[in-house]
Amino acid sequence: MKTDLASETVDELPYSSPPAKPAPQETPELRNKLNQLPSAARFLVWPLLVLVLIHSLLVATWAAPGTPVREEIGADNLRSYILPTFEQNWSIFAPNPRRVAVTFEVRAQMQDPSSGDTYTTDWVDLVEGEDQEIRHNFFPSRTSGMARRTADRLHNARANMNETQIEWVEANFVETPIEDLASGLRDVSGGAGATQINNYMTADQVAVNLATGYARYAWEGEVVHVQFRTSTRPAPSYQNRHEQTVDDTNPTVREYGWRAPAEISDHELEYFERYAQQAGADR
Amino acid sequence: MTTTTLSSSTRQYLSNWNIRTQAWLLLEKRALYGLSATRILVGIAMLGILITNFGNRYVLWGPGSFWAEPLRERSEFGFLLSLFSTDSPLLFTLFYLALIGVAVAVVIGWRTRLMTIALVLGMPALVERADILGNQGDNIARIGLLFMVFMTTNAHWSVDARRRRRRVADNLTPAQKLWWGHPILPDWITTLLHNAALVALACQVFILYTASALYKVQGDLWQAGTALHYPLSLHEYGVFPWLNSMLTTNPFLLTALTYFSVYVQLFFAVALLHPVSRRLVLIGVICLHGGIAVLMGLPWFSLAMLAFDAIFVSSRTYQALQRWVGRRFRGFRSKIGAVPKTGSARQPEALGAAEPLDATDPEAREKPRAKVK
């Protein structure tokens, strides 16, 4: 047994691994084994392998940076093959890694149901609670991304908007239906296109939902309107690492108008509690 | 040398390759140890997501996830999302616990294929209800689990394998075969599907690392060797901020780690071709994902990625690992008195002799025990 163990250890050495090219006399033996299989088996090998390779080529074309192959296949064709099962995106931390911190602040106009008095609350940053969820926690919950990623989506969707479109975004939609914001944005010539406007509208609704959920949970009275604003601040450059931290750099603030609150049932709100508490609400 | 002899030797060469390719795909299932490791690791990763988010399950995906409704309306996953769509917290929790059960079943290899199908449907049905919170770990797990449905991932370290060893396949009806975990389809079909899916999975892993690296090499911060400083200085990836700054304020360490991250991904596929570089790149990729897991607070993403890298570790390494664990476990068991200590029990010779005969033969583990007469 001892010698067996020893010889196995020798086999483990990298240089003693099997030769790259099998000896030629191996093939007749393999041929014999293959001949014992039904002919359908051998007939199917190559078609199946070709299918696998075509699939892999399509996935590679989807995942890699844009190439003439992708243009030739057509973005829509590729999309319809990949989504949703093989959806993937590997440009993570690339071309350059993430280097901004974001905030997602909410406030609300609240009304005292008995007196009818209204007041506007202070801004509360929901990302701060999310950062706390991550700190000193090897297994952070996914609640650490709710407001952060919503801010990211808003920023991406706003990135190509022109000044007129930004004015639309910063306008209030409290009586006017929010659909008018979408059509308003679409009617502006230039700036963000249809896809980005759709993305913006989705992100705006998510933001309103988060703001309303938090306001309903955290503040006294009825929610009249809600508002959110976001900011980005850059991580200090490597050269400035000793002078500044990410909390000292100048934020770029992005404004949005007042919005009508989202309709949330008491039942739904009850289960929002965990997030509101993470964000610092105490009730 | 004439052209005819040249072409006939070329033909001979191509024919040999054709035979070898067919033999590789048809004669035996490949990477059975690696895929068993994959099954366990991806199962743990899914279990990890489910357990660490259990307390927040309602607000993330359940009755309190109204905030994500606009995202769901645009989701590509459509009908699958309705699986967890219920107003009742009790019902939601029951489904959630069932999915935890499925993940556990995949880890221990109980009714593996059925449970893999349940997991590959259940995980996206849950996490895609708030796709904004997802990461690429969700995607690779879904894709990999889908390929795993066509593969044998319960050959080792599984309840199924134990059950299969207890009863030989002879003289069983198809229903009995199914129950005892024996194949009903002809071997060549399952072997061919297994190996084809394995090739597809391997290609998928090559694609993701190569694409990831191709995007990174375009970035000036990766080239400047400072890229890692930026995300690691954010609260978003600040599990232990002091640890992050310790790593990124040292110029040598920062540059080395930044370049290491790019090179491991860039050379992953190519490095697998040579046994030495294969070992190096696999150790590299374990370090890379270990770092991401600990420093950036993304343990389940990292584990899902590593799960599929596990197919590139050789069966021989897994066998050595199995023997090592077996010895440690036996030592531990005798220490706590679960195994009666005998004079020779601690001798390596005796341990070797006590090991099952099939431990050194990968084929033997596949076969059921000899029929008891």
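Remember, it's a predicted structure, so these values are computed and weren't measured experimentally. (Residues numbered from 1 in each chain as written. Chains lettered and ligands numbered in written order. Predicted model: local features only at pLDDT ≥ 70, side-chain atom pairs only at ≥ 80, totals over all residues. Heavy atoms only, no water.)

**Concerning helix H5 (residues 89-108) of chain B**
Moving on, step 1. With 20 residues, H5 of chain B should cover 28 Å at 1.5 Å per step; its first-to-last C-alpha distance of 28 Å lies within 8% of that length.
Moving on, step 2. Regarding H5 of chain B, the residues found buried are Pro89, Phe92, Thr93, Tyr96, Leu99, Ile100, Val102, Ala103, Ala105, Val106 and Val107 of chain B.
Moving on, step 3. Packed against the buried residues of H5 of chain B are helix H11 (266-270) of chain A together with helix H2 (32-52), helix H3 (57-60) and helix H6 (112-127) of chain B.
Moving on, step 4. Two residues or fewer after H5 of chain B comes glycine 109 of chain B, characterised by a positive phi angle close to 70 degrees. (Helix = DSSP H or I, 4+ residues; strand = E, 2+ residues; numbered from the N terminus. Expected span 1.5 Å × (residues − 1). Buried < 20%, exposed > 50% of the residue type's maximum accessible area, 1.4 Å probe, protein only. Contact = heavy atoms within 4.5 Å.)

**Focus: the side chain of serine 302 of chain B**
All names here are of chain B.
Moving on, step 1. Tracing the backbone shows serine 302 in helix H16 (residues 299-309).
Moving on, step 2. The exposure class of serine 302 is buried, given its relative accessible area of 2%.
Moving on, step 3. Within the local environment of serine 302, its side chain forms a polar contact with the backbone oxygen of leucine 298, the two atoms lying 3.1 Å apart.
Moving on, step 4. Here serine 302 is in contact with His289, Ile292 and Ala293, once residues within four sequence places are set aside. (Polar contact = N/O pair within 3.5 Å; in protein donor to acceptor, adjacent residues only side chain to side chain.)

**Thoughts on the interface of chain A and chain B**
Moving on, step 1. Counting residues at the interface gives 94 residues for chain A and 102 residues for chain B.
Moving on, step 2. In total, chain A and chain B occlude about 9,200 Å² of area from one another, counting both sides; carbon and sulfur atoms represent 66% of this.
Moving on, step 3. Three residues, Trp90, Arg142 and Tyr238 of chain A, lead the burial of chain A against chain B; their summed loss comes to 10% of the area buried on that side.
Moving on, step 4. One salt bridge in this structure joins glutamate 236 of chain B and arginine 98 of chain A, with 2.5 Å as the shortest N-O distance.
Moving on, step 5. Applying the counting rule to chain A against chain B returns 37 residue pairs in polar contact (both at pLDDT 80 or more).
Moving on, step 6. Per-element tally for the side of chain A that touches chain B: the top contributor is helix H3 (residues 39-63) of chain A, with 14 residues.
Moving on, step 7. Within the side of chain A that touches chain B, the residues separate by chemical class into 47 nonpolar, 24 polar and 23 charged. (Buried area = accessible area lost by both parts, 1.4 Å probe. Salt bridge = Lys/Arg side-chain N within 4 Å of Asp/Glu carboxyl O. Nonpolar A, V, L, I, M, F, W, Y, C, P; charged D, E, K, R; others polar.)

**Quick look at a negative patch on the surface**
Moving on, step 1. On the surface, a cluster of negative charge is made up of Glu163, Glu167, Glu170 and Glu255 of chain A.
Moving on, step 2. Topologically, glutamate 255 of chain A is positioned in the loop between strand S5 (252-254) and H11. (Patch = residues over 30% accessible without salt bridge, like charges linked within 9 Å, V, L, I, M, F, W, Y side chains within 5 Å. Areas by Shrake-Rupley, 256 points an atom, 1.4 Å probe, with all protein chains shown as cover. Lys, Arg positive; Asp, Glu negative; His and termini not counted. Charge placed at Lys NZ, Arg CZ, Asp CG, Glu CD.)

**A closer look at the pairing of strand S1 (residues 100-111) of chain A**
All names here are of chain A.
Moving on, step 1. Two elements, S1 and strand S4 (residues 222-234), share 12 bridges in a ladder whose sense is antiparallel. Bridge pairing in S4 links valine 106 to phenylalanine 228.
Moving on, step 2. Bridge count between S1 and strand S3 (residues 124-125): 2 bridges; the pairing is antiparallel. Bridge pairing in S3 links valine 106 to valine 124. (Pairing = 2+ DSSP bridges.)

**Section: the nonpolar core**
Moving on, step 1. Residues Phe104, Leu126 and Tyr200 of chain A together with Trp67 of chain B are the most contacted members of the largest nonpolar core, which totals 151 residues.
Moving on, step 2. Not counting the four nearest positions on each side in its chain, tyrosine 200 of chain A is found in contact with Leu154, Ala157, Arg158, Met161, Val169, Leu181, Leu185, Tyr256 and Arg259 of chain A.
Moving on, step 3. Core analysis: the next-biggest nonpolar cluster, separate from the first, contains 11 residues, Ile19, Leu25, Leu26 and Leu192 of chain B among them. (Core = buried A, V, L, I, M, F, W, Y, C linked by side-chain atoms within 4.5 Å.)

**Quick look at the packing of H2 of chain B against H6 of chain B**
Residue and element names in this part refer to chain B.
Moving on, step 1. Close contact between H2 and H6 brings their axes to 12 Å; oriented N to C, the two are set at 35 degrees. The handedness of the crossing between H2 and H6 is left-handed. Side by side, H2 and H6 meet where Arg39, Met46, Ile49 and Leu50 of the first sit next to Thr112, Leu119, Met123, Leu126 and Val127 of the second.
Moving on, step 2. A per-class count over the contact of H2 with H6 returns 7 nonpolar, 1 polar and 1 charged. (Axes fitted to C-alpha atoms, helices over the stretch in contact; angles between N-to-C directions. Left-handed = near helix turned anticlockwise from the far one by under 90°.)

**Some thoughts on the environment of methionine 46 of chain B**
Moving on, step 1. Within the secondary structure, methionine 46 of chain B sits in helix H2.
Moving on, step 2. For methionine 46 of chain B and valine 106 of chain B, which are 60 residues apart along the polypeptide, the C-alpha to C-alpha distance reads 9.8 Å.

**Details of a nonpolar patch on the surface**
Moving on, step 1. Among the surface-exposed residues, Leu90, Leu91, Leu94, Phe95 and Leu97 of chain B lie close enough to one another that they form a single nonpolar patch of about 480 Å² accessible area.
Moving on, step 2. Its place among the elements puts leucine 94 of chain B in helix H5.

**Concerning the packing of aromatic side chains**
The relation between two aromatic rings is expressed through the spacing of the ring centres and the mutual angle of the planes.
Moving on, step 1. Applying the stated rule across the entire model yields 27 aromatic pairs over all chains.
Moving on, step 2. Plain terms: the ring middles of phenylalanine 84 of chain B and phenylalanine 92 of chain B are 5.9 Å apart, the flat faces sit at 70 degrees to each other, and that makes the pair edge-to-face.
Moving on, step 3. Every member of this aromatic cluster is reached through a ring pair, and the members are Tyr271 of chain A together with Phe54, Tyr58, Trp61, Phe84, Phe92, Phe95 and Tyr96 of chain B.
Moving on, step 4. Here the guanidinium or amino end of arginine 57 of chain B rests over the ring plane of phenylalanine 54 of chain B, the centre of that ring lying 3.9 Å away.
Moving on, step 5. Positioned over the ring face of tyrosine 58 of chain B is arginine 57 of chain B, at 4.4 Å from the centre of the ring. (Phe/Tyr/Trp six-rings, centres within 6.5 Å; stacked < 30°, edge-to-face > 60°. Lys NZ or Arg CZ within 6 Å of the ring centre and 35° of its normal.)

**Overview of the packing of helix H10 (residues 187-217) of chain B against helix H14 (residues 251-271) of chain B**
All names here are of chain B.
Moving on, step 1. Contact geometry for H10 and H14: axes closest at 8 Å, N-to-C directions at 135 degrees. By the angle between their axes, H10 is oblique relative to H14. In this structure, H10 crosses over H14, and the sense of that crossing is left-handed. Of H14, the residues touching H10 (which contributes Val205, Phe206, Tyr209, Thr210, Ser212, Ala213, Lys216 and Val217) are Val262, Gln265, Leu266, Phe268 and Ala269.
Moving on, step 2. Within the contact of H10 with H14, the residues separate by chemical class into 9 nonpolar, 3 polar and 1 charged. (Parallel < 35°, antiparallel > 145°, perpendicular 65-115°, else oblique.)

**With respect to helix H17 (residues 315-335) of chain B**
Moving on, step 1. Taking 1.5 Å per residue, 21 residues should reach 30 Å; H17 of chain B reaches 30 Å between its end C-alpha atoms and fits that length.
Moving on, step 2. All of the buried residues in H17 of chain B are Tyr318, Gln319, Gln322, Arg323, Gly331 and Ser334 of chain B.

**Some words on the environment of glycine 64 of chain B**
Moving on, step 1. Following the sequence through the fold, glycine 64 of chain B ends up in the loop between H3 and helix H4 (69-73).
Moving on, step 2. Classification of glycine 64 of chain B as buried rests on a relative accessible area of 0%.
Moving on, step 3. Along the primary structure glycine 64 of chain B and proline 89 of chain B are separated by 25 residues, whereas in three dimensions their C-alpha atoms are 9.1 Å apart.
Moving on, step 4. Leaving out residues up to four positions away in the same chain, glycine 64 of chain B has contacts with Glu268, Tyr271 and Phe272 of chain A together with Tyr58 and Val59 of chain B.

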